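# Structural overview for review
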Amino acid sequence: MGASLFSSDEFNFGEFGKIKDFKAGMDIRGIVVTDNNNFYNAVAQPSVTVGGVKTYTAPYSGNSYLSFNATNNNTNMFEGLFAQGTYLHPTIPLEATVGLRMDFWQSFNGTANYTPYTQSGTSGASTMGNTVNVTPNSQSYNQFNPRVATRSPPTHHGTAKCP
């Protein structure tokens, strides 16, 4: 789910030029994530690492083949605030566009369930271990994204025309 809302306008400053195509607004998007994984690893100790931190390690049982399933769920929200406009000087054939955007991201309501399995040899029966439930920490991140651009409009018969 998501939505965007913005307003646009134009501002004329007479002999000082004008700002055309000015827009300001916000947008928001939400995503619910479910990620099911099966991790396989022979004669070793499989583990899950999130953000450089080991969050779960399956039990080790000698020379058995080890695996586990992991189910991760969380909600991600993406929001943004923005403003942008293009300045036109009345006599200089140059447009300058300035844009400002602030992006926000949050991840919350996370759950993770890890269930280990062991199997003796390549044809032995698989045995399910106890499921471990983990609640990952909520996370957030903000990013400021400015933008500046200039453009020289095309000329007509040697005379610059500013829109």
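Residues numbered from 1 in each chain as written. Predicted model: local features only at pLDDT ≥ 70, side-chain atom pairs only at ≥ 80, totals over all residues. Heavy atoms only, no water.

## Describing the overall build of the protein
We apply this condition: We count a stretch as a helix when DSSP gives it H or I for four or more residues in a row; a strand needs E for two or more, and each element gets its number in order from the N terminus. For every residue, the accessible area (1.4 Å probe, protein chains only) is compared with the maximum for its type, and the residue is labelled buried under 20%, exposed over 50%, or partly exposed between those bounds. Two residues form a contact once any of their heavy atoms are found within 4.5 Å. Calculation of accessible area relied on Shrake-Rupley with a 1.4 Å probe; when residues are assessed, cover is drawn exclusively from the protein chains displayed.
When helices and strands are counted, the protein shows zero helices and twelve strands. The buried share among the 163 residues of the protein stands at 20%. Taking the contacts inside the protein whose residues are at least 6 apart along the sequence as the reference set, 64% of them involve residues at least 24 apart. Here the protein has roughly 10,800 Å² of accessible surface; of this, 56% comes from carbon and sulfur atoms.

## Observations regarding the pattern of salt bridges
Which entries qualify depends on this criterion: Here, a salt bridge means any side-chain nitrogen of Lys or Arg that lies within 4 Å of a carboxyl oxygen of Asp or Glu.
Evaluated as defined, the whole model comprises six salt bridges. The residue lysine 18 makes a salt bridge to glutamate 10 at a minimum N-O spacing of 3.8 Å. A salt bridge links aspartate 21 to lysine 23; the shortest N-O distance between them is 2.8 Å. You can call lysine 23 partly exposed: its relative accessible area is 28%. Sharing partners across several salt bridges, the network here consists of Lys20, Glu95 and Arg151.

## A few points about unusual backbone geometry
Here aspartate 21, not a glycine, exhibits a phi torsion of approximately 50°, which is positive. Tracing the sequence through the fold places aspartate 21 in strand β2 (residues 18-42). In this structure aspartate 21 comes out as partly exposed when scored by relative accessible area, which is 40%. If you check the backbone angles, asparagine 109 has positive phi at about 55° while not being a glycine. Among the structural elements, asparagine 109 can be located in strand β6 (residues 95-119). Overall, asparagine 109 belongs to the exposed group, its relative accessible area being 55%.

## Description of the confidence of the model for the protein
Heads up, the rule is: One confidence number per residue, pLDDT, is output by the predictor and ranges from 0 to 100.
Averaged over every residue, the pLDDT of the protein is 81; the share at 70 or more is 73%. Counting contacts from residues 156-160, a segment whose pLDDT is below 50, to residues more than four positions away or on other chains yields three contacts.

## Here's the deal with the packing of aromatic side chains
In plain terms, the rule: Here a Phe, Tyr or Trp ring, Trp counted by its six-membered ring, pairs with any other such ring whose centre lies within 6.5 Å, and the pair is stacked when the planes are under 30 degrees apart, edge-to-face when over 60, and tilted otherwise.
Applying the stated criterion across every chain, the model contains one aromatic pair. Relative to phenylalanine 22, the ring of phenylalanine 11 lies with its centre 5.7 Å away and its plane at 70°, an arrangement referred to as edge-to-face. In this pair, phenylalanine 11 sits in strand β1 (residues 2-12) while phenylalanine 22 sits in strand β2, placing the two residues eleven residues apart along the sequence.

## Quick word on a nonpolar patch on the surface
Quick note on the threshold: Residues enter patches when they are more than 30% accessible in relative terms and free of salt bridges; like-charged ones are connected within 9 Å and nonpolar ones (Val, Leu, Ile, Met, Phe, Trp, Tyr) within 5 Å.
Taken together, the side chains of Val98, Leu100, Phe144 and Val148 define a hydrophobic patch exposed on the protein surface, amounting to about 380 Å² of accessible area. Tracing the chain through its elements places valine 98 in strand β6. We classify valine 98 as partly exposed; its relative accessible area is 42%.

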